[in-house]
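# Results of the structural survey
Below, each chain spelled out in residue letters.
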Number of protein chains: 2
Amino acid sequence: MELTPVADLPEIRPGDDIADLVADRAGDTLAEGDVLTVASTIVSKAEGRTADLDDYPVSGRANELAERIGDLTGEEKDPRFAQAVLEESTELLIDAPFLLTETRFGHICVNAGIDRSNVPGHDLLLLPERPSESAARIRDGLEERGYEDVAVIVTDTCGRPFRHGQRGVAIGWDGLPASRDWRGERDRDGRELGVTVQSVVDELAAAANLVTGEGAGGTPAVVVSDWAFGDLDGSDELFRSVEDDLIRQALRGWEWRADE
Amino acid sequence: MELTPVADLPEIRPGDDIADLVADRAGDTLAEGDVLTVASTIVSKAEGRTADLDDYPVSGRANELAERIGDLTGEEKDPRFAQAVLEESTELLIDAPFLLTETRFGHICVNAGIDRSNVPGHDLLLLPERPSESAARIRDGLEERGYEDVAVIVTDTCGRPFRHGQRGVAIGWDGLPASRDWRGERDRDGRELGVTVQSVVDELAAAANLVTGEGAGGTPAVVVSDWAFGDLDGSDELFRSVEDDLIRQALRGWEWRADE
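Throughout this document, residue positions are counted from 1 along each chain, in the order its sequence is written. All chains are assigned letters beginning with A, and all ligands numbers beginning with 1, in the order in which they are written. The model is predicted, so local features are restricted to residues of pLDDT at least 70 and side-chain atom pairs to those at 80 or more, both for listing and for counting; the totals for chains, interfaces and linings are taken over all residues. Each side-chain value is worked out from all heavy atoms of the structure, with water and hydrogens disregarded.

## A look at the confidence of the model for chain A
Per-residue confidence from the predictor is reported as pLDDT, which spans 0 to 100. Confidence along chain A averages 93 in pLDDT terms, with 93% of residues attaining 70 or more. Scoring of the predicted complex yields 0.95 for pTM and 0.95 for ipTM.

## Some points on the nonpolar core
Counting residues in each nonpolar core, the largest one holds 75 residues, and the members touching the most others are Met1, Leu3, Leu36 and Trp227 of chain A together with Met1, Leu3 and Trp227 of chain B. Note on contacts: a residue pair qualifies if any of its non-hydrogen atoms lie within 4.5 Å across the two residues. Contacts of Met1 of chain A, omitting those with residues within four sequence positions, involve Ala207, Val224, Ser225, Asp226 and Trp227 of chain A together with Met1, Glu2, Leu3, Ala207, Leu210 and Val211 of chain B. By size, the runner-up hydrophobic cluster in this structure holds 55 residues, among which are Ala82 and Leu124 of chain A together with Ala82 and Trp256 of chain B. Buried Ala, Val, Leu, Ile, Met, Phe, Trp, Tyr and Cys residues that are joined via side-chain atoms within 4.5 Å together make up what is termed a nonpolar core. Relative accessibility decides the category of a residue: with a 1.4 Å probe and only protein chains considered, values under 20% of the type maximum give buried, values over 50% give exposed, and everything between is partly exposed.

## Side note on the environment of Ser40 of chain A
Residues and elements named next belong to chain A. Tracing the backbone through its elements, the reader meets Ser40 in helix H2 (residues 40-46). Residue classification places Ser40 among the buried residues on the basis of a relative accessible area of 5%. Sequence separation between Ser40 and Gly172 is 132 residues, and the spatial gap between their C-alpha atoms is 9.0 Å. Numbered from the N terminus, helices here are DSSP runs of H or I no shorter than four residues, and strands are runs of E no shorter than two.

## A closer look at the interface of chain B and chain A
When the parts come together, some accessible area is lost, and that loss is often what is quoted as the size of the interface. Each partner contributes residues to the interface: chain B has 79 residues there, and chain A has 79 residues. Residue Arg163 of chain A is joined to Asp202 of chain B by a salt bridge in which the shortest nitrogen-to-oxygen separation is 2.7 Å. Those elements that provide at least two residues to the side of chain B that touches chain A are strand E1 (2-5), strand E4 (89-94), strand E9 (167-174), strand E11 (197-198), helix H6 (200-212) and helix H7 (246-251) of chain B. Element by element, the count of residues in the side of chain B that touches chain A is highest for H6 of chain B, at nine residues. In this classification, the charged set is Asp, Glu, Lys and Arg, the nonpolar set is Ala, Val, Leu, Ile, Met, Phe, Trp, Tyr, Cys and Pro, and all remaining amino acids, among them Gly, are polar. Grouping the amino acids of the side of chain B that touches chain A by side-chain chemistry returns 38 nonpolar, 19 polar and 22 charged. Criterion for a salt bridge: a side-chain nitrogen of Lys or Arg within 4 Å of a carboxyl oxygen of Asp or Glu.

## What about the relation of the copies chain B and chain A?
In the superposition of chain B on chain A (RMSD 0.0 Å, axial shift 0.0 Å), the rotation amounts to 180°. The transformation relating the two chain copies, once decomposed into turn and shift, fits a two-fold axis. Comparing interface residues between copies, 100% of those in chain B also lie at the interface in chain A; the contact surface is shared. Least squares is the method for superposing the copies, and the C-alpha atoms it fits come from residues with pLDDT of at least 70 in both.

If you want it as structure tokens, here you go:
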């Protein structure tokens, strides 16, 4: 398996065609069966998903949240930002000392994935509205330019429980299933496998993040070649619902206390 | 970045020298600065970390746990297995409908990572006792054979909250830091980065798991080349303590109810 960053992508502006920009720069690398990973930041920029704090008239709920976080952490929280997070979310899983929410498309992350560091000319960069549809559009764009059967993954980086640090994850994908199902496969001794469902889109996103880098030298698109999904069954279930997730159940009704 | 599976490793037996077996098969591939990932299953086999259910005289606590899980799920749980999980763990985070524990070396996973599917001649395969020490031994072994400066990661696969499926993670490492710290770095517009600490060992483990595969055709060791940690600061903190982990705090005192 080989990962090649797509070099020299320009600063992305609203309306830019990512498939076009990638094809121009990685056309020689891209082959049938490859996977292209694209950082959500540039997808959001191309889709004009920027916003300003003043776009968010503050509700009572946002005021409460910002005040409570301010009181508990001693750091001031802009209620307009809390409002933006609420508007991008369907459920608030943790309301202090930070906002952990489920976004409208099912991804669980801090602050609904809203980025305050990466937005020329605006206050906020929101995540793509429907990242799997974004992936499909990029895939279609590549196909139109003659690059057949390239799967596309839209990636984000976020933290996680139990382990420090952030890692790349998939938030949208098209052209490959989210996971690979090993159920029924057997080991060398004929025993059934313990590991059953492998989240390949997340593993691809994590791999790509190793070559993407951050900051000014970052390369937000990566071509993965010499890797194949194989002929196992696939599934497109990536985001757990409350019913499938004991941690989400445990978070319901739980409140953070600063003394813990 | 390139990932090459180490082909044709034999079934690993207690006392086998993994550095030796890998050097014999991947000696032409291995270069200074490469990372070798090794699945915990073969590290455990080489270290003789097999066990049998009869090795675990059942405590009252293990009986209680097995009974409760049996009552709640309708599936019988062997109390000797519950006892094995307790003996490999320092904290029980979830006690039903499955056992989620912190292992003695800090990794949080179901059943303390004990494997029942992958153990010729025994009932159980335990995780390595101190995986970072295992990684250091393999790294030293490679160095003795003339392969200088190869980092080693011992990997496992496990599930996670919020997202379906399993992905590769690091449980031990030597020769590189666990994470890369981007704090103070800036984006193209000079803004400070939102993402700060990148868990590179987990991303490398996830990447390797894409080429490792499972089952009879699996290749439990992978060479990662053309990737460098770079000159950013590193940290070796990978496992969160309760104080650093809101999810662990929320799980304290929480009890699963079958009707949720």
